[in-house]
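# Structure at a glance
One-letter residues, chain by chain:
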Amino acid sequence: MEGDVGVAVELYVYDLTRGMAAMMSQMLVGRHLEGIWHTAIVAYGREYFFGSGGVQSCRPCGTVLGEPDRVVELGETFIPYQVFLEYVLGLGETTYGPHTYDLFHHNCNNFTDEVSQFLCGKGIPKYILDVPQEILDTPWGQALRPLIDSLSEGARGVAFGQNANNSLRNYEPQEPRRERDVSPDLVELNSAIEEVRRNSIALEERRNEINEKLAKKDRKKKKKKQKERKIESEGSSPEFTPDSGSSHSSHSSPSSSRVSSGRCGGGGGGGGKMADAAEGADIELTAASDGKRSAEEVDAEIEAQERKEREEKKKQREPPVVFKDAIDVRVEFDALVGFVDGILSPEEQQSLEELHQYMLEDEGSWALGDGFLNFVGRLLHDKSLKSEIRVRLLNVLAAAALKDDVILILHQDRREHVLMNYAHDVDRLTLEEQESLALFICNMFENLSSSEWLLYISEWQYCNATISNIRVTTKVAVHSLLSDQPVLQDRGSAIIHNLACKEVKTVVFDDVAVELTMALLQFFNSNPPEEQLYRCMKALSRFCQISKQDVPQLIQMIGPEPAKFKGASERIDRLIESISIR
């Protein structure tokens, strides 16, 4: 090969944890790590790496790890292949020989850093070399060793140890080429797939919205028909049919008596006609009044029936843990009014009055105007306002979450994401705000529609992060559970319990089941009260059913073993047995 022919040198970077380090490192070592990296040098048409079997080579992407998570362009080298081969053979027979591998101090990244220095005159990125020893010291880090050992078994290539075949010295590589170039067609295809995925999520949300509106419309139609039938049946009874003199005279209502007295005292024919007219009008008013009362009775009867149906649906599901008596809504609202006195615009003052009607006068959510979420957004996100305002507002909203029509408020927020953007910053809030936010999220599980809203997976951008309702709900749950504050721990355990008991598609938990499980396992390292332990053990059992491989493996790798809590109570023992079977 001509010495002046440049050869591309690339660094293939693989995350051995398949994304779990990004989710769990904060809890394990107190700081965020994107991954635990295995690296290989790709040059001269081959992939070179170092593992427990020494230095090895295979075709690019030829190990059990498959495609790399990222590719770093290190530059070009003008070193002839034969020189490079002699160099690698020397490393494989000395510094990086078989059985010299050490996970902490002498690993694949040390090898690629040294080879990169030789080929390009610079090392590999520092973040790859800086994987902290404390995370490798954990049982989870140690469990990566078998995966590293398997690289030599899965790679169809050659070893560069002391017994390496000398014919390798005569191997001439293929014409150097950049195999990682992505074709425009592939980029277009991936973009199309991503667009279809986003459209599918948006369509699912829209379908849920339409179904809710149709269900509401059907309920109104049903209510109207029932009311009409009820009024018709009442109107056809003798009491409401003043069509003859005999029926008038036999009517025993007070209005009939008054009309009869007037007629007796009238004396003349004209007076009799006026009395007849008065009697007819009086009876019509009585009938109308009775008909009005019947309509109200029908309304009450239909609403009672709808409430009964909703309660039946609630009984059929796993009951959520909610806090119905945690606050006095009247006290919280009065305190809110005091804090915002003099700082609201006329429109915001109107929204405050609407909130009063909704919460204290028991009007429906129809009482809340189109600008209500703007009012809520200002109180939550305007940091110039006192923290007490946000605390009181969240407490009032936590009480509103228990009402079965709260979903209509939530749907107003599907564009601006006022509530979930605020909740995403849970770790930056005051303790009192965190407690009120956790109460609000927890109480949202009281109703089916609002609990499903918490699990929406459609994504949006907020502060350079891609978030969704399910991710924010998970963040609040994990943060609360792992807090050192008893109130937050109690509400966090309730949120995770409620999340786990939801009957939803497995795909909803794909991104968050591991994170929730890690939080539960870390919580088990403390000494939780029986009620919180029961909620969390129940959630862990449920996650074992949903994620049949990842969660049981995490329990084995990280611990503690659920059996540690055996004997805490009979109901916990039953859950431990269920988890052990999994």
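For every chain, the first residue of the written sequence is number 1, and numbering continues from 1 along that sequence. Side-chain atom pairs in this predicted model are given and counted only at pLDDT of 80 or more, local residue features only at pLDDT of at least 70, and totals for whole chains, interfaces and linings cover all residues. No hydrogens and no water enter the side-chain calculation; it runs on all heavy atoms of the structure.

## Describing the overall build of the protein chain
The condition is simple: Comment: elements are numbered from the N terminus, with helices defined as DSSP H or I runs of at least four residues and strands as E runs of at least two. Only protein chains enter the accessibility calculation, which uses a 1.4 Å probe; a residue whose area is less than 20% of its type maximum is buried, one above 50% is exposed, and one in between is partly exposed. A contact between two residues is defined here by any heavy atoms of the two lying within 4.5 Å. Per-residue accessibility takes into account occlusion by the displayed protein chains alone, with areas from the Shrake-Rupley method and a 1.4 Å probe.
In terms of helices and strands, the protein chain carries 25 helices and 8 strands. Burial analysis of the protein chain (582 residues in total) assigns 46% to the buried set. Considering only residue pairs separated by 6 or more positions, the protein chain has 73% of its internal contacts joining residues 24 or more positions apart. Here the protein chain displays about 29700 Å² of accessible surface, and carbon together with sulfur accounts for 49% of that area.

## As for the pairing of strand 7 (residues 459–462)
Keep this limit in mind: Between any two strands, at least two bridges found by DSSP are needed for them to pair.
Across the two faces of strand 7 the burial differs, with Trp460 and Tyr462 buried and Glu459 and Gln461 not buried at all. The loop that links strand 7 with its antiparallel partner strand 8 (residues 465–468) comprises 2 residues; one of these, Cys463, has a positive phi angle of about 50°.

## Notes on the confidence of the model for the protein chain
Put simply, the rule reads: Confidence of the predictor in every single residue is expressed as pLDDT, which spans 0 to 100.
Per-residue confidence for the protein chain averages 77 on the pLDDT scale, and 64% of its residues sit at or above 70. Per-element confidence in the protein chain ranges from a low mean pLDDT of 38 for helix 10 (residues 254–266) to a high of 97 for helix 18 (residues 431–443). Counting contacts from residues 162–171, a segment whose pLDDT is below 50, to residues more than four positions away or on other chains yields 17 contacts. Contacts of residues 237–292 to residues separated by more than four positions or lying in other chains number 28 contacts, the stretch itself having pLDDT below 50.

## Describing the packing of helix 2 (residues 81–93) against helix 3 (residues 108–120)
Quick note on the threshold: Axes, fitted as lines to C-alpha atoms, cover a helix only where it is in contact. Angles between the N-to-C directions of the axes lie from 0 to 180 degrees. Roughly parallel means an angle under 35 degrees; roughly antiparallel means over 145; roughly perpendicular covers 65 to 115; every other angle is labelled oblique. Each crossing gets its handedness from the near helix: less than a right angle anticlockwise from the far helix is left-handed, clockwise is right-handed. Basically, the charged four are Asp, Glu, Lys and Arg, the nonpolar ten are Ala, Val, Leu, Ile, Met, Phe, Trp, Tyr, Cys and Pro, and anything else, Gly included, counts as polar.
Running from N to C, helix 2 and helix 3 cross one another at 150°; their axes reach a closest spacing of 12 Å. Comparing the axis directions of helix 2 and helix 3 gives the class roughly antiparallel. Seen from above, helix 2 lies across helix 3 with right-handed handedness. Judged by residue contacts, Val83, Phe84, Tyr87 and Leu91 of helix 2 engage Phe111, Glu114, Val115, Phe118 and Leu119 from helix 3. Taken together, the residues of the contact of helix 2 with helix 3 break down into 8 nonpolar, no polar and 1 charged.

## Considerations on the side chain of Glu435
To be explicit about the condition: When charges are counted, Lys and Arg are positive and Asp and Glu negative, with His and the chain ends excluded. In what follows, salt bridge is the name for a side-chain nitrogen of Lys or Arg lying within 4 Å of a carboxyl oxygen of Asp or Glu.
With respect to the secondary-structure elements, Glu435 resides in helix 18. Buried within the structure, Glu435 lacks any salt-bridge partner; its nearest side chain of opposite charge belongs to Arg491, at an N-O separation of 5.1 Å. Residues in contact with Glu435, not counting those within four places in the same chain, are Val487, Leu488 and Arg491.

## Re helix 23 (residues 530–546)
Here is the rule: A helix is expected to reach a length of 1.5 Å times the quantity of its residues less one.
In a regular helix each residue adds 1.5 Å, so 17 residues correspond to 24 Å; helix 23 covers 24 Å between its end C-alpha atoms and thus fits that length. With 14 of 17 residues buried, helix 23 is to be regarded as a mostly interior element.

## Structural notes on the pattern of salt bridges
What the rule picks out here adds up to 15 salt bridges. For Asp425, the salt bridge is made with Arg428, and the minimal N-O distance between the two is 3.9 Å. For Arg428, a relative accessible area of 68% translates into the label exposed. A single salt-bridge network, built from bridges that share partners, covers Asp490, Glu530, Glu531, Arg535 and Arg571.

## Description of helix 20 (residues 469–481)
Under the 1.5 Å per step criterion, the end-to-end length of helix 20 is 18 Å for 13 residues, consistent within 8% with the ideal 18 Å. Burial in helix 20 covers these residues: Asn469, Ile470, Val472, Thr473, Thr474, Val476, Ala477, Val478, Ser480 and Leu481.

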